[in-house]
Amino acid sequence: QVQLVESGGGLVQPGGSLRLSCAASGSIFNIYVMGWYRQVPEKQRELVATITSGGRTNYRDSVKGRFTISGDNAKKTVYLQMNSLQPEDTAIYYCNADLRENTRLKRSMYWGQGTQVTVAS
């Protein structure tokens, strides 16, 4: 059973910073991509940033220059450093992993439970 456990959300003032972490555990053969998505009520979940096992990153335009995604392959952990946060960044942030379990031949997508990020004064 694979689990993704997130931490680091909370309340921050505009212009502030937060760092999210997500650790994968379980019977994992390989992790190919990890990333962060976010969702606000009545809107679709949207990609924030992803990172491959080789370190290639991808960001949505609105967070470029403010957010930085990084990963630790040995710890099966991904981080999202969020700076210059704005009220429009308020959302539930979900960790995502594209991985293969030891007992399966195909890759599958897994999600964390989500962590709330609120940017408000």
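It should be emphasised that the depicted structure is a prediction, and the values quoted were computed from it without experimental measurement. (Residues numbered from 1 in each chain as written. Predicted model: local features only at pLDDT ≥ 70, side-chain atom pairs only at ≥ 80, totals over all residues. Heavy atoms only, no water.)

Caption draft 1: Here's a closer look at the packing of aromatic side chains. Overall, the coordinates contain 1 aromatic pair when judged by the stated rule. Seen in terms of ring centroids, Tyr37 and Trp111 are 5.0 Å apart; in terms of plane orientation they differ by 70 degrees. Their pairing is edge-to-face. Of the two residues, Tyr37 sits in strand 4 (residues 28-39) while Trp111 sits in strand 10 (residues 107-111), which places them 74 residues apart along the sequence. Classification of Trp111 as partly exposed rests on a relative accessible area of 38%. Note that Arg19 overlies the ring of Tyr79, its terminal NZ or CZ placed 4.2 Å from the centroid. Note that Arg45 overlies the ring of Trp111, its terminal NZ or CZ placed 4.6 Å from the centroid. (Phe/Tyr/Trp six-rings, centres within 6.5 Å; stacked < 30°, edge-to-face > 60°. Helix = DSSP H or I, 4+ residues; strand = E, 2+ residues; numbered from the N terminus. Buried < 20%, exposed > 50% of the residue type's maximum accessible area, 1.4 Å probe, protein only. Lys NZ or Arg CZ within 6 Å of the ring centre and 35° of its normal.)

Caption draft 2: Expanded view of the state of the cysteines. The tally for this structure, following the rule as stated, stands at 1 disulfide. The disulfide that involves Cys22 links it to Cys95, with 2.0 Å between the sulfurs. Taking the torsion about the sulfur-sulfur bond, which here is approximately -80 degrees, the covalent link between Cys22 and Cys95 counts as left-handed. In this pair, Cys22 sits in strand 3 (residues 18-25) while Cys95 sits in strand 9 (residues 91-101), placing the two residues 73 residues apart along the sequence. Residue Cys22 is classed as buried on the basis of its relative accessible area of 0%. (Disulfide = S-S within 2.5 Å.)

Caption draft 3: Highlighting unusual backbone geometry. In this structure, Lys76 is a non-glycine residue whose phi angle is positive, near 55 degrees. Here Ser84, not a glycine, exhibits a phi torsion of approximately 50 degrees, which is positive. Within the secondary structure layout, Ser84 lies in the loop between strand 8 (77-82) and strand 9.

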